[in-house]
Amino acid sequence: MDNKDPRKKFFLCYFESTRKCNLNCRYCMAKAPRAKPKDHTTELSTEEIKRLVIDEIRNYCSHGAIAFSGGEHLLRPDALEILEYTAKAGLWSFINTNGTLLTSDLLKRVKTATGGKVIFVFSLNSILPTIQKWSRDDSLWTVIKAARLCLKAGVNFFFITTISKSNLKSFSTTVNFLKLKKIPMLRSPFVTRGMGNCHQELALTPEDMKNIIHPVLRNYALSYVSYTPFFAGPEFLEDKWKEMNVEIDQLGCQAARGFVGISAEGHVAPCVHLLDNNLKCGNVRDIALTDILRNNEIIKAVRSRETLKGKCGRCRYKQTCGGCRALAFYKTGDYMAEDPTCFFEPVDETTRSEHEELQNKNTTRFLEFIKTRDPWKSLF
Ligand SMILES: C[S@@+](CC[C@H](N)C(=O)[O-])C[C@H]1O[C@@H](n2cnc3c(N)ncnc32)[C@H](O)[C@@H]1O
Ligand code: SF4
Ligand code: SF4
């Protein structure tokens, strides 16, 4: 796909800037805060983050963004300095946070440091307090209060929902709440990374996807276009996007296309969900990030999707969906295997999904939304 230099389309670098955290969520993929204290000594320093992550992303995609996650990015003593540097490099910052540290004063300082080029991302696994609390080691009201603070201060935010067996029952209620409030949301699949490995029982099945998750997602146009299975026709990537003049090139799985993951210690993976295992694409301390993004064989294979296996390999939606590479890896050990949660059964590339028409319509609505609304129109 897009290997041009510099990249013209939107790109998001998801950087777990620290493993430190003030919460202890049950299945945390970053293993925070159970990472041993000595682990933090190997985390990238302020200068390394500026030089090896931010400068490199600016060179790769001058209008891209960095999502600062963790652990809890706001616990880093240099959190604001890093955000300020990111904005001065012309990049947007996303702050994926548990919301516990947010005050109106801190919001003001973040707004000033970033010149307003910031979007907060809060984890809302369920709008039902008991279900949220089970997976989040914190009360639902923390993220609700944090969102209200953002609304009051005029700071952008949205929610991310990690879906697992633990919150399936309330998934539709949660998304309906967001729909009512017209708040965009991004779904993220539970993976057995980090502490997630101790909770294999939470992994999703094709039946969960078919009967509960997919019907909800495909009926909310503001749920992002990056979930799988995704049944937008291949024409989207050819004609439709030119016609709509959009600057994003990924539908379905984002791994290595519009997205890359970097750990606190500088390891790179095609997706944040694939960090901390033997699928290493290099470390930014040893190889320039731009070099990894352009030349690493794993990144190139995931990006092109040409060697996908099983049903993903013979599917009409190979380029508009591609199947979740992380779920494939955790199920089989092969990052190019078929998505184990997909309920679609293609015979070959001529098999069409009954959901294609609706998914095309919703994708168009989503793209129209990001092209016309702040802050998204500045990003894409
Ligand atoms: C690791 S947290 C770090 C940012 C911040 N501390 C927070 O909790 O929002 C980033 C996101 O990963 C999600 N997450 C945690 N463990 C996960 C797992 N095993 N699989 C998938 N997502 C997970 C969280 O719900 C959160 O939305
Ligand atoms: S999910 Fe976020 S808040 Fe919870 S322990 Fe992990 S890093 Fe901390
Ligand atoms: S078979 Fe793979 S590429 Fe096709 S819809 Fe399912 S997950 Fe997506």
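Attention here is on the structure that accompanies the text.

Basis of the calculations
Residues numbered from 1 in each chain as written. Chains lettered and ligands numbered in written order. Predicted model: local features only at pLDDT ≥ 70, side-chain atom pairs only at ≥ 80, totals over all residues. Helix = DSSP H or I, 4+ residues; strand = E, 2+ residues; numbered from the N terminus. Buried ≥ 20, exposed ≤ 12 C-beta atoms within 10 Å, placed from the backbone. Contact = placed C-beta atoms within 7 Å. Near = placed C-beta within 6 Å. Nonpolar A, V, L, I, M, F, W, Y, C, P; charged D, E, K, R; others polar. Pairing = 2+ DSSP bridges. Axes fitted to C-alpha atoms, helices over the stretch in contact; angles between N-to-C directions. Right-handed = clockwise from strand over helix to strand, strands pointing away. Core = buried A, V, L, I, M, F, W, Y, C linked by C-beta atoms within 7 Å. Expected span 1.5 Å × (residues − 1). Arc of directions from axis to C-beta.

**Some details on the overall build of the protein**
Next, step 1: Of regular secondary structure, the protein possesses 14 helices and eight strands.
Next, step 2: When burial is assessed residue by residue, the protein has 48% of its 380 residues classed as buried.
Next, step 3: Within the protein, counting contacts between residues at least 6 apart in sequence, those at least 24 apart form 75% of the total.

**Some words on the site of ligand 2**
Next, step 1: The full set close to ligand 2 counts 12 residues, and Cys21, Leu23, Cys25, Cys28 and Asn98 are the nearest of them.
Next, step 2: The class makeup of the residues in the shell around ligand 2 is six nonpolar, four polar and two charged.

**Some details on unusual backbone geometry**
Leaving glycine aside, a negative phi is the common case for residues, and trans is the common case for peptide bonds.
Next, step 1: Here the bond from glycine 70 into glycine 71 is cis, since omega is 20°, no more than 30 degrees from zero.
Next, step 2: Relative to the helices and strands, glycine 71 resides in the loop between β2 (65-69) and α2 (79-88).
Next, step 3: Following threonine 228, the chain continues into proline 229 via a peptide bond in cis, with omega recorded as -10°.
Next, step 4: Residue placement: proline 229 occurs in the loop between α7 (206-218) and α8 (235-244).
Next, step 5: One non-glycine residue, aspartate 137, adopts positive backbone phi at about 50°.
Next, step 6: In this structure, aspartate 137 sits in the loop between α4 (129-136) and α5 (140-153).
Next, step 7: Phi at arginine 305 takes a positive value of approximately 65°, unusual for a residue other than glycine.
Next, step 8: Here arginine 305 lies in the loop between α10 (297-304) and α11 (310-313).

**Structural notes on the sheet that holds strand β8 (residues 268-269)**
Next, step 1: Across the sheet, which stays open at both edges, the eight strands sit in the order β6-β5-β4-β3-β2-β1-β7-β8 with mixed pairing between neighbours. The open sheet has two free edges, formed respectively by β6 (185-189) and β8, since each of these has just one partner strand.
Next, step 2: As paired elements, strand β4 (residues 118-123) and strand β5 (residues 156-163) share five bridges and run parallel to each other. Following the sheet pairing, phenylalanine 122 is matched in β5 by phenylalanine 159.
Next, step 3: Strand contacts of helix α1 (residues 46-60): β1 (12-16), β2 and β7 (259-262), with the helix running at about 175° to β1, the strand carrying the most contacts.

**Regarding the pairing of β5**
Next, step 1: Buried residues dominate β5, accounting for six of its eight residues.
Next, step 2: Pairing between β5 and β6: five bridges, direction parallel. Counterpart to threonine 161 in the pairing with β6 is arginine 187.
Next, step 3: Taking the sense of rotation as the criterion, the β-α-β connection linking β5, helix α6 (residues 171-180) and β6 turns out right-handed.

**A few points about the site of ligand 3**
Next, step 1: Lining the immediate surroundings of ligand 3 are 15 residues, of which Cys312, Cys315, Cys321, Gly323 and Cys342 lie closest.
Next, step 2: Its residues placed into classes, the shell around ligand 3 shows eight nonpolar, three polar and four charged.

**Details of the pairing of β7**
Next, step 1: Sheet analysis places β1 next to β7, joined by four bridges and oriented parallel. Note on β7: the bridge partner recorded for tyrosine 14 is glycine 261.
Next, step 2: For β7 and β8, the ladder comprises two bridges, and the chain directions are antiparallel. When the bridges of β8 are listed, isoleucine 262 appears paired with valine 268.
Next, step 3: In textbook terms, the turn of a hairpin is the stretch between consecutive antiparallel strands, and for β7 and β8 this stretch comprises five residues, one of which, glycine 266, has a positive phi near 95°.

**Comments concerning the nonpolar core**
Next, step 1: Counting 106 residues, the largest nonpolar core has Cys13, Val53, Ile57, Ile66 and Phe122 as the members making the most contacts within it.
Next, step 2: With six residues, the single largest contributor to this core is α1.
Next, step 3: Excluding residues within four positions of it along the chain, cysteine 13 makes contact with Val53, Ile57, Gly64, Ile66, Val260 and Ile262.

**Regarding the environment of phenylalanine 15**
Next, step 1: Mapped onto the secondary structure, phenylalanine 15 falls in strand β1.
Next, step 2: On the basis of neighbour count, phenylalanine 15 is assigned to the buried category, with 30 C-beta atoms found within 10 Å.
Next, step 3: Those residues in contact with phenylalanine 15, other than ones at most four positions away along the chain, are Val53, Ile66, Ala67, Phe68, Ser69 and Ile262.

**Observations concerning α5**
Next, step 1: For α5, built from 14 residues, the straight-helix expectation of 20 Å at 1.5 Å per residue is met to within 8% by its first-to-last C-alpha distance of 21 Å.
Next, step 2: Taken together, the buried positions of α5 are occupied by Val143, Ala146, Ala147 and Cys150. The buried side chains of α5 occupy one side of the element, clustering within an arc of 100° when seen end-on. Residues Trp141, Arg148, Leu151 and Lys152 are exposed on α5 and point more than 90 degrees away from its buried face.
Next, step 3: Packed against the buried residues of α5 are α3 (104-114), β4 and β5.
Next, step 4: Taken from the residues just after α5, glycine 154 is the one with a positive phi, measuring 70°.

As far as function goes, none of this settles anything; it's purely spatial.
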